[in-house]
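Residues per chain, in single letters:
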Amino acid sequence: LVETELAEWLQVSRTPLREGLARLAVEGLVLSRRRGWVVREHNAEEIREIYEVRAALESMAAYLTAERASDEQIQQIAAIHRNSGGDLVNAPRAQLVEVNDAFHDAIVDAAGNERLRHLARQNREFYFNFRIAALYSEEEAAASLVGHDAIVSALLARDAAAAEQAMERHVFEA
């Protein structure tokens, strides 16, 4: 990453750009080198660990949501999924990411645990994004929606254990 090029592209001075890069370095997303910054690539072991943490956080969020969320929150989660419909399989992958983010955010928010919400959002920097979604086949996109079906069914039934298990399966399928 070349600071001068980034600063020009973002139309900011180099000082706030350096501060932003330093924050990304703290998050482990970029590395400082003698001649600037490089985007950090994760190895297979780190990716496994990232998804294990995601599964733990989001499974707990699903469990808590089934137990604590208001009926309105549960209906809102179901509506996000219902309104996405099967057309997401063939939709632009950016749309899949937006719906997926809204769905998972709604579950984490409805869990009623601010610390869990913070950790889940912080961890999000490391997973499902536009580049990953661009690689999804139609079958993988459909499988993701089936995972959402199972989560919604468990939440509507207020079955915390089933919601937790459905979310864990869904995350590991990703």
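Definitions and limits used
Residues numbered from 1 in each chain as written. Predicted model: local features only at pLDDT ≥ 70, side-chain atom pairs only at ≥ 80, totals over all residues. Heavy atoms only, no water. Helix = DSSP H or I, 4+ residues; strand = E, 2+ residues; numbered from the N terminus. Pairing = 2+ DSSP bridges. Buried < 20%, exposed > 50% of the residue type's maximum accessible area, 1.4 Å probe, protein only. Contact = heavy atoms within 4.5 Å. Polar contact = N/O pair within 3.5 Å; in protein donor to acceptor, adjacent residues only side chain to side chain. Axes fitted to C-alpha atoms, helices over the stretch in contact; angles between N-to-C directions. Left-handed = near helix turned anticlockwise from the far one by under 90°. Core = buried A, V, L, I, M, F, W, Y, C linked by side-chain atoms within 4.5 Å. Salt bridge = Lys/Arg side-chain N within 4 Å of Asp/Glu carboxyl O.

A. Up close: the environment of Asp 149. Mapped onto the secondary structure, Asp 149 falls in helix H8 (residues 138-156). Sequence separation between Asp 149 and Arg 68 is 81 residues; the distance between their C-alpha atoms is 20 Å.

B. Broad picture of the pairing of strand E1 (residues 30-33). Judged from the four bridges that link them, E1 and strand E2 (residues 36-39) form a sheet pairing that is antiparallel. Paired with Arg 33 across the two strands is Gly 36, which belongs to E2. In textbook terms, the turn of a hairpin is the stretch between consecutive antiparallel strands, and for E1 and E2 this stretch comprises two residues.

C. Examining the environment of Asn 113 more closely. Residue placement: Asn 113 occurs in the loop between helix H5 (93-110) and helix H6 (114-124). A relative accessible area of 28% places Asn 113 in the partly exposed class. Linking Asn 113 and Leu 64, residues 49 residues apart in sequence, is a C-alpha distance of 8.3 Å. Those residues within four positions of Asn 113 in sequence are excluded, and the remaining contacts are Leu 64 and Arg 68.

D. Expanded view of the side chain of Glu 3. Mapped onto the secondary structure, Glu 3 falls in helix H1 (residues 3-10). Taking relative accessible area as the criterion, Glu 3 reaches 13% and is therefore assigned buried. A polar contact of 2.8 Å, which involves the side chain of Glu 3, links it to the side chain of Arg 18. Contacts of Glu 3, omitting those with residues within four sequence positions, involve Arg 14, Leu 17, Arg 18, Leu 21 and Trp 37.

E. Geometry of the packing of helix H3 (residues 44-68) against H6. Here H3 crosses H6 at 145 degrees, and the two axes come no closer than 10 Å. With respect to the hand of their crossing, H3 and H6 are arranged in left-handed fashion. Side by side, H3 and H6 meet where Ile 50, Val 53, Arg 54, Leu 57, Met 60, Ala 61 and Leu 64 of the first sit next to Leu 116, Leu 119, Ala 120 and Asn 123 of the second.

F. Geometry of the nonpolar core. Ranked by internal contacts, the top residues of the largest apolar core, which has 29 residues, are Ile 77, Ile 107, Ile 151 and Leu 155. Among the secondary structure elements, those contributing two or more residues to this core are H3, helix H4 (71-84), H5, H6, H8 and helix H9 (160-173). Per element, the largest residue contribution to this core is eight residues, and it comes from H3. In contact with Ile 107, not counting residues within four places along its chain, are Ala 61, Ala 62, Thr 65, Ile 77, Ile 151, Leu 155 and Met 167.

G. A look at the pattern of salt bridges. Using the criterion set out here, one finds 10 salt bridges in the structure. Residue Glu 52 pairs with Arg 48 through a salt bridge whose shortest N-O separation is 2.4 Å. Linking Glu 52 with Arg 48, this pair stays in helix H3, spanning four residues, or about one helical turn. With a relative accessible area of 38%, Arg 48 lands in the partly exposed category. One continuous salt-bridge network, built from bridges that share partners, spans Glu 3, Arg 14 and Arg 18.

H. Local environment of unusual backbone geometry. Phi is positive for Gln 11, close to 60 degrees, though the residue is something other than glycine. Following the sequence through the fold, Gln 11 ends up in the loop between H1 and helix H2 (14-26). Judged by relative accessible area, which is 73%, Gln 11 ranks as exposed.

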